[in-house]
Amino acid sequence: MKLRILRKLPTEEGQFWEEFEYSGPADYSVAAMLEDLNYRDDIINSKGEHVPRISWACSCLQSKCGACAMVINGTPALACETFLRDLGSSVTLQPLSKFPVISDLVVDRSGIQENLLNTSSFIKEYKESPQGEHGHQYTAAKCLKCGLCLEVCPNYKGGEHFYGALFANDCYLIATRSGVFDDSISEEYKKHFGSGCSKSFSCMDVCPMNIPTLSSMAKMNRRRS
Amino acid sequence: MSEVKGMKKILIIGSGISGMTAAISCAQKGMHAIMVSPFMSERAQSVMAEGGINAALDNMGEGDSVEKHIEDTLKGGNMLAGELAVRDLCEKAPEIIRWLENLGTVFSLKADGRIDQRAFGGQSCRRTCYCGASTGKQIVTALIMEARRYEAMGLIERRIWNDFHSGLIRDGRCYGALIYNEASGQLEPVYADAVIMATGGQNALFGKTTGSTQCDGYAAGRLFMQGAMLKNLEFIQYHPTTLETGQKKMLVSEAARGEGGRLYYEEDGRRVYFMEDMYGEKGNLMPRDVVSRCMYDTKRQVYLDMTMLGEKIDSKIPEIRDVCLKYGGIDIHKESVPVSPSVHFFMGGFAVDAGHMTNIEGLYAVGECASRYHGANRLGGNSLLAAVYSGMTAAEAIYAKSDSAVSESSGIETASGEKPDFSEYFKEYIEEERGKFFGLFGSESKFPVMYLRDMAAETMNRDLGIVRDEEQLQNGIADLDYYIDLAEHIRYDRSVLPYFNYSVGAILVLAKATLICARERRESRGAHYRSDYPETSEDMRAATLISYDDGEFNVSLDREGRFER
């Protein structure tokens, strides 16, 4: 199998493509493949050159933490739940493009937290929520902050003004559980999501937690009127 | 109000449930918390906890009580945990659930709107509160939002892309930690009035486990080498039901059996429900150590059958359904799942007192890296409880210490109330460590440091399994001695994160300490089973303590209950 990786060395600026030959079990995930490649005696590219080991981030290895988000054959996905059997004879790996690249497939997603902090995304005063919201809240609270929804979004540029689907879902979580009517979160929603979303809903296609962003939006929009 | 003069500064290593709870509790008391971790909290191992969190709320109307929770926890731990410690934990549990609920944790509810409680192993009543099958994740989400409130106030400061290197410790007191900053590539000292370790269990000792790759035990190993006492390392919980896959051992939560799932093996074309045969109706829900050992004893492939749960699969345990389908290609509605025990939780860790302080003044430990409540075996649902409880308790203990404790115990003369300047105090140590650190880069070696970790893990899995004996343990110790010696002489491929290269030595030392603790406990108790000493010995009903002094490992039994108060 041909493996192409868009790489970046931690000490250098530019990115470059590197090709590898890989043969491993088809039921391996991309994460299992990366680990397999990295812990051979040498890591050798398809030109036969010794190259630095591939950096990528992981923690849970079972789609619960979001660390290993990357772009696999052009689609933003988690490496730990994307299997070689579904990828064909060539696999292309790229780091998420909407975040600063640290090295190889490792990106700095701390901008996500900064935006949530700057918009005071927390429950000011907790109130038990209406019965019907429980299931939706449970799913929304599973957001991994992996950034896949931001990667795929045509409107998200880097989080300067538009904060993307994960922000809309956090707004929903906060709004439906706040004791006082929280105007500020509605305002932030409007400013950093509502006014910028062109409704492609690609975010929902790639979300590993299947969060129904559309219904979070509907509830936030209804609330504002 | 970022840093007010005189405000206590607390350094927290780790940002999972126990670390965040500690940070929030510090901030609530007006202390300044710096939370250091390689990644953001969403990546913490805490998000993987599925099953639940115990509290005697008696929402199920079965007559549950705090006393029963205490009794079950002590009994589940084979009477090795301190009764006072367990009492503190269980008494606080209902309040902890209310606190989490008020932060917005999305608990699963009963029809009457109260929190639902499920059955878990070793419990006399349905006591485990849960959030579907993602309890840890739901709690993490709530804590992240709550921590953000204090971040906005400047009371909690997060530093990611930072890794623990070592403690800044002198004369039995901790003044902060040396931190490897991945962005600057430097070792940087962070001084603090107290340091709280919240680094999770030592998974890396065993290679692939059910847990996160981020929890490697390095911090515990390093601080052990710097004088911190560790406790009960030999008690390692095997989760009975994990599914083997290419990348890891996937946990199949105890909730599967709590809801009615049954374990069996096949013999002559029929199913043998061995747990029920041995222990009756509640057999599948015996404590984890018992179930794992029984599975080991069958010497056969064991299966978990959940097909009889029908619709309950989709309503109560959808995450289990998804994991088995995605990673094992198994539809649990129709098929049984082949399961085997895997390392899951470490009952042992830093020895801590009632305020979660180690034997080193100013150094605290919380969550899984601390050892206090679980004795020889932890009950499901008690670790999330202990994570939250210990985070709160450490913060309270630090707050209660007199403000001048730092300068008093340091023995440094200071101008009126000013804290001493520690940069001079640790200058030599820091320079030496920086020298060693940069020494790691002077190599063209392609040797992957992971090989050494993998070899040690192989030893640990072989010689420190579910059933142990003196000879095996002795072999393991000899292997580790060899690896420790190697680690001091080999240079590694520098194209991996420097953290992996500087951490390997202390991880190996911790592995050796664990084997020594297991060798010295010549009895069987809870998760520690010795085929050469199969009986429980009343004489050994005390925690194992181990300390390190320049290559010497000193083991003793804590008969005086030194860490019980």
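Remember, it's a predicted structure, so these values are computed and weren't measured experimentally. (Residues numbered from 1 in each chain as written. Chains lettered and ligands numbered in written order. Predicted model: local features only at pLDDT ≥ 70, side-chain atom pairs only at ≥ 80, totals over all residues.)

1. Regarding the overall build of chain B
Counting its secondary structure elements, chain B contains 17 helices and 22 strands. In summary, chain B has a C-alpha radius of gyration of 23 Å against a globular reference of 24 Å for 565 residues, a match within 12%. Dimensions of chain B, computed from C-alpha atoms along their principal axes, come out at roughly 75 × 55 × 45 Å. In chain B, which comprises 565 residues, the share counted as buried stands at 57%. (Helix = DSSP H or I, 4+ residues; strand = E, 2+ residues; numbered from the N terminus. Rg over C-alpha atoms; globule rule 2.2 N^0.38 Å. Buried ≥ 20, exposed ≤ 12 C-beta atoms within 10 Å, placed from the backbone.)

2. Digging into the sheet that holds strand β11 (residues 230–231) of chain B
All names here are of chain B. Spatial ordering of the open sheet is given by β20-β18-β11-β21-β22, a layout of 5 strands whose pairing is mixed. With one partner strand each, in any of the chains shown, β20 (370–371) and β22 (552–557) form the two edges of the open sheet. Pairing geometry for β11 and strand β18 (residues 349–351), over 2 bridges, is antiparallel. In the strand pairing of β18, Lys231 is matched with Gly349. (Pairing = 2+ DSSP bridges.)

3. Topic: the domain arrangement of chain A
Residue and element names in this part refer to chain A. Under the domain assignment used here, chain A contains domain 1 (2–107) and domain 2 (110–224). The gap between the C-alpha centroids of domain 1 and domain 2 is 29 Å. Domain 1 puts 13 residues into the contact, and the matching count from domain 2 is 13 residues. Sorting the residues of the side of domain 1 that touches domain 2 by element identifies β3 (69–72) and β4 (75–78) as the ones contributing at least two each. Looking at the side of domain 1 that touches domain 2 element by element, the count peaks at 3 residues for β4. (Domains from an automatic or database assignment. Contact = placed C-beta atoms within 7 Å.)

4. Overview of the domain arrangement of chain B
Residue and element names in this part refer to chain B. Under the domain assignment used here, chain B contains domain 1 (9–199 + 354–409) and domain 2 (239–342). Put simply, the middle of domain 1 and the middle of domain 2, counted by C-alpha atoms, are 29 Å apart. Listed per partner, the contact involves 14 residues of domain 1 and 14 residues of domain 2.

5. What to know about unusual backbone geometry
Despite not being glycine, Lys145 of chain A shows a phi value in the positive range, around 55°. Structurally, Lys145 of chain A is set in the loop between α3 (134–140) and α4 (148–152). Among the residues examined, Lys145 of chain A registers 22 C-beta atoms within 10 Å and is labelled buried. Positive phi outside glycine occurs at Asp171 of chain B, with the angle close to 50°.

6. Describing the sheet that holds strand β19 (residues 363–365) of chain B
Residues and elements named next belong to chain B. Read across the sheet, 5 strands follow the order β6-β2-β1-β10-β19 without closing on themselves; strand pairing throughout is parallel. Because the sheet does not close on itself, it has two edges, and the strands there are β6 (156–160) and β19. Averaged over all pairs of adjacent strands, the angle between strand axes in this sheet comes to 20°, irrespective of strand direction. Across 3 bridges, strand β10 (residues 194–197) lies against β19 in parallel orientation. Note on β19: the bridge partner recorded for Val195 is Leu363. (Axes fitted to C-alpha atoms, helices over the stretch in contact; angles between N-to-C directions.)

7. Examining the interface of chain B and chain A
At the interface, 39 residues of chain B touch 40 residues of chain A. Secondary structure elements with two or more residues in the side of chain B that touches chain A: α4 (135–152) and α10 (318–328) of chain B. Element by element, the count of residues in the side of chain B that touches chain A is highest for α4 of chain B, at 9 residues.

8. Digging into the confidence of the model for chain B
Residue and element names in this part refer to chain B. Per-residue pLDDT for chain B has a mean of 93; in total, 96% of the residues score no lower than 70. A low-confidence stretch, residues 407–417 (pLDDT under 50), is modelled with 12 contacts involving residues beyond four sequence positions or located in other chains. If you check the scores for this complex, the pTM reads 0.95 and the ipTM reads 0.97. (pLDDT = per-residue confidence, 0-100.)

9. A closer look at the pairing of strand β16 (residues 302–305) of chain B
All names here are of chain B. Residues of β16 alternate between two faces, with Val302 and Leu304 buried on one and Tyr303 and Asp305 left unburied on the opposite face. With 3 bridges connecting them, β16 and strand β17 (residues 337–346) associate as antiparallel partners. Bridging across to β17, Leu304 finds its partner in Val337.

10. Quick look at helix α6 (residues 183–194) of chain A
Residue and element names in this part refer to chain A. Given a rise of 1.5 Å per residue, 12 residues ought to cover 16 Å, yet the end C-alpha atoms of α6 are separated by just 14 Å, more than 12% below that figure. Those residues of α6 that fall on the buried side of the exposure criterion are Ile185, Glu188, Tyr189, His192 and Phe193. Taken end-on, α6 shows its buried residues confined to a sector of 105°, consistent with a single buried face. (Expected span 1.5 Å × (residues − 1). Arc of directions from axis to C-beta.)

11. Topic: the nonpolar core
Ranked by size, the top nonpolar core spans 206 residues in total, and within it Cys68 of chain A together with Ile12, Ala23, Ala33, Val195, Ile196 and Tyr364 of chain B carry the most contacts. Sort the elements by how many residues they give to this core and helix α17 (residues 498–520) of chain B lands first, with 13 residues. When sequence neighbours within four positions are dropped, the list of residues in contact with Ile196 of chain B reads Ile10, Ile12, Ala22, Tyr364, Val366 and Ala394 of chain B. Core analysis: the second largest hydrophobic core is formed by 33 residues, Ala119, Met250, Val291 and Val323 of chain B among them. (Core = buried A, V, L, I, M, F, W, Y, C linked by C-beta atoms within 7 Å.)

12. Brief notes about the packing of helix α15 (residues 449–463) of chain B against helix α16 (residues 470–489) of chain B
Residue and element names in this part refer to chain B. Put simply, α15 and α16 touch, their axes get as near as 9 Å, and they point 170° apart. The orientation of α15 with respect to α16, classified from their angle, is roughly antiparallel. Within the contact between the two elements, α15 uses Leu452, Met455, Ala456, Thr459, Met460 and Asp463 and α16 uses Gln472, Leu473, Asn475, Gly476, Asp479, Leu480, Tyr483, Leu486 and Ala487. Residues that form the contact of α15 with α16 fall into these classes: 9 nonpolar, 4 polar and 2 charged. (Parallel < 35°, antiparallel > 145°, perpendicular 65-115°, else oblique. Nonpolar A, V, L, I, M, F, W, Y, C, P; charged D, E, K, R; others polar.)

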